[in-house]
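Secondary and tertiary structure notes
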Amino acid sequence: GLSLGLALGAEAFAWAQEDSETSPWGSPAAAIARGDAVLAAAPKDKAAAAEAVRWYKLALARQPLQRATLQKLAPALEAAGDWEGGLRALTLATRVHPTLPWVHRDHARLLRRLGELEASRAAWRRALACDLPDGVEEELVQEALRGPGDAATIAGRVLPERADRLTTGAKILEAEGQQDE
C-alpha cells in the first residue's frame, strides 16, 4: 500500500513538474508543445504569439541553446512584434550551430523580410555553404536566388564556391532564362 502510494505520488510529482509553467526541471518538449499549441490555435494573434514566446523561453531555460527552440522562438517574437528579438534569436542560433543550414536559411528569410537584402544574401551564402540533405538543394538555391536585382549578381552573392551549388545555380538560371525568351 505505502510503496504504491509513494510510486503514484512520485509519478504525479514528475508529471506536474514536467508541465509546470515555472519549473526549471520540467521537460523542454512539454513547453515547446504548449507554445506550438498556442500558435496553432491563433496563428495571427499577437497575444497568442507573446504567450508562445513565454513557452519557448521556458523551454530554452530548461535546455539552453536548443536549435529547434531558437528557430521556433524567432518567428513567435516576430509575430508578437519584436523583430529585433527574432533577429537576435536567429543570430544566436547561427553562432551556436554554424554548420546547420536551417538556422542560416531562417536568418536569411527574416533579414529579407526586414529589407536587409545584402545581409540576407550573406546569410543565404552561409546556408548554402553547409552540407544539405538530399532533395532540398534545388529548392533552397532557387529561394536564395529570388529578389530584386540582376539574377547573375544575386547568384554571385548567394552561391558559395562549391561545385554542386554553382552547378545547381547555373541550371536554375539557365531554365529561368529560357522561360523569359
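The rules we used
- Along each chain, numbering runs from 1 in the same order as the chain's sequence is written.
- Given that this is a predicted model, residues contribute local features only at a pLDDT of at least 70 and side-chain atom pairs are listed and counted only at 80 or more, while totals for whole chains, interfaces and linings are drawn from all residues.
- As a convention, hydrogens and water are excluded, and side-chain values are obtained from all of the structure's heavy atoms.
- Secondary structure follows DSSP: runs of H or I at least 4 residues long count as helices, runs of E at least 2 residues long count as strands, and numbering of each begins at the N terminus.
- Each helix should span, by expectation, one fewer than its residue count multiplied by 1.5 Å.
- Note on contacts: a residue pair qualifies if any of its non-hydrogen atoms lie within 4.5 Å across the two residues.
- One speaks of a salt bridge when a side-chain nitrogen belonging to Lys or Arg is within 4 Å of a carboxyl oxygen belonging to Asp or Glu.
- Between buried and exposed lies partly exposed: a residue is buried under 20% and exposed over 50% of the maximum accessible area for its type, with that area taken using a 1.4 Å probe on protein chains only.
- For this analysis, a polar contact is any N or O atom pair within 3.5 Å, provided that within protein one partner can donate a hydrogen and the other can accept it, and provided that sequence-adjacent residues contribute only side-chain to side-chain pairs.
- Like-charged residues are merged into a patch within 9 Å and nonpolar side chains (Val, Leu, Ile, Met, Phe, Trp, Tyr) within 5 Å, provided each residue has over 30% relative accessible area and no salt bridge.
- The method behind every accessible area is Shrake-Rupley, applied with a 1.4 Å probe, and residues are considered shielded solely by the protein chains displayed.
- What is meant by a nonpolar core is a set of buried Ala, Val, Leu, Ile, Met, Phe, Trp, Tyr and Cys residues, joined one to another through side-chain atoms within 4.5 Å.
- Ring pairs shown here join Phe, Tyr and Trp side chains whose ring centres sit within 6.5 Å, with only the six-membered ring taken for Trp; geometry is labelled stacked below 30 degrees between planes, edge-to-face above 60, and tilted in between.
- Charge over a ring is defined by NZ of Lys or CZ of Arg lying within 6 Å of the ring centre and within 35 degrees of the ring normal.

1. Points about helix H6 (residues 101–113)
- Taking 1.5 Å of rise per residue, the 13 residues of H6 would be expected to cover 18 Å, and the 18 Å separating its terminal C-alpha atoms lies within 8% of that figure.
- Looking at the buried residues of H6, the elements they touch are helix H4 (67–79), helix H5 (83–96), helix H7 (117–129) and helix H8 (137–144).
- One or two steps after H6, the chain reaches Gly115, where phi turns positive at roughly 85 degrees.

2. Quick notes on unusual backbone geometry
- The residue Leu65 is not glycine, and still its phi comes out positive at about 65 degrees.
- Tracing the backbone shows Leu65 in the loop between helix H3 (46–62) and H4.

3. Some remarks on the pattern of salt bridges
- By the definition in use, this model includes 12 salt bridges.
- Of the charged contacts in the structure, one is a salt bridge between Arg109 and Glu143, with a shortest N-O distance of 2.7 Å. Placement of Arg109 in helix H6 and of Glu143 in helix H8 is noted, with a sequence separation of 34 residues between them.
- According to the relative accessible area criterion, Arg109 is partly exposed, its value standing at 27%.
- Judged by relative accessible area, Glu143 falls into the buried class, the value being 10%.
- We note a salt bridge from Glu137 to Arg165, for which the minimum N-O separation is 3.4 Å. Taken together, the positions of Glu137 in helix H8 and Arg165 in helix H10 (residues 163–180) put the pair 28 residues apart, joining distant regions of the chain.

4. Re the side chain of Ser27
- Relative to the assigned elements, Ser27 resides in the loop between helix H1 (2–19) and helix H2 (28–41).
- For Ser27, the side chain forms a polar contact with the main-chain nitrogen of Ala29, separated by 3.1 Å.
- Looking at Ser27, its side chain comes within polar contact range of the main-chain nitrogen of Ala30, at 3.2 Å.

5. A look at a nonpolar patch on the surface
- Taken together, the side chains of Leu65, Leu92 and Val96 present a nonpolar region at the surface, about 210 Å² in accessible area.
- Judged by relative accessible area, which is 41%, Leu65 ranks as partly exposed.

6. Considering the nonpolar core
- Grouped together as the largest cluster of nonpolar side chains are 19 residues, with contacts concentrated most on Ala31, Val53, Tyr56, Leu73, Ala76, Leu77 and Ala89.
- Elements with a contribution of two residues or more to this core: H2, H3, H4, H5 and H6.
- In terms of residue count, H3 provides more of this core than any other element does, 7 residues in total.
- Apart from the residues within four sequence positions on either side, Ala31 is in contact with Trp55, Leu58, Ala59 and Arg62.
- Core analysis: the second largest hydrophobic core is formed by 17 residues, Trp124, Leu128, Leu132 and Ile154 among them.

7. Considerations on the packing of aromatic side chains
- Counted according to the given criterion, the structure contains 0 aromatic pairs.
- Seen from the ring of Trp55, Arg54 lies directly overhead, with NZ or CZ sitting 5.0 Å from the centre.

8. Looking at the environment of Thr69
- As for its placement among the helices and strands, Thr69 is situated in helix H4.
- Separated by 41 residues in sequence, Thr69 and Pro28 place their C-alpha atoms 8.9 Å apart.

9. Observations regarding the environment of Arg157
- Along the chain, Arg157 falls in helix H9 (residues 151–158).
- Residue classification places Arg157 among the partly exposed positions, given a relative accessible area of 37%.
- In this structure, the C-alpha to C-alpha distance between Arg157 and Ala123, residues 34 residues apart in sequence, is 9.9 Å.
- Beyond its immediate stretch of four places on either side in the chain, Arg157 contacts Glu118, Arg121 and Arg125.

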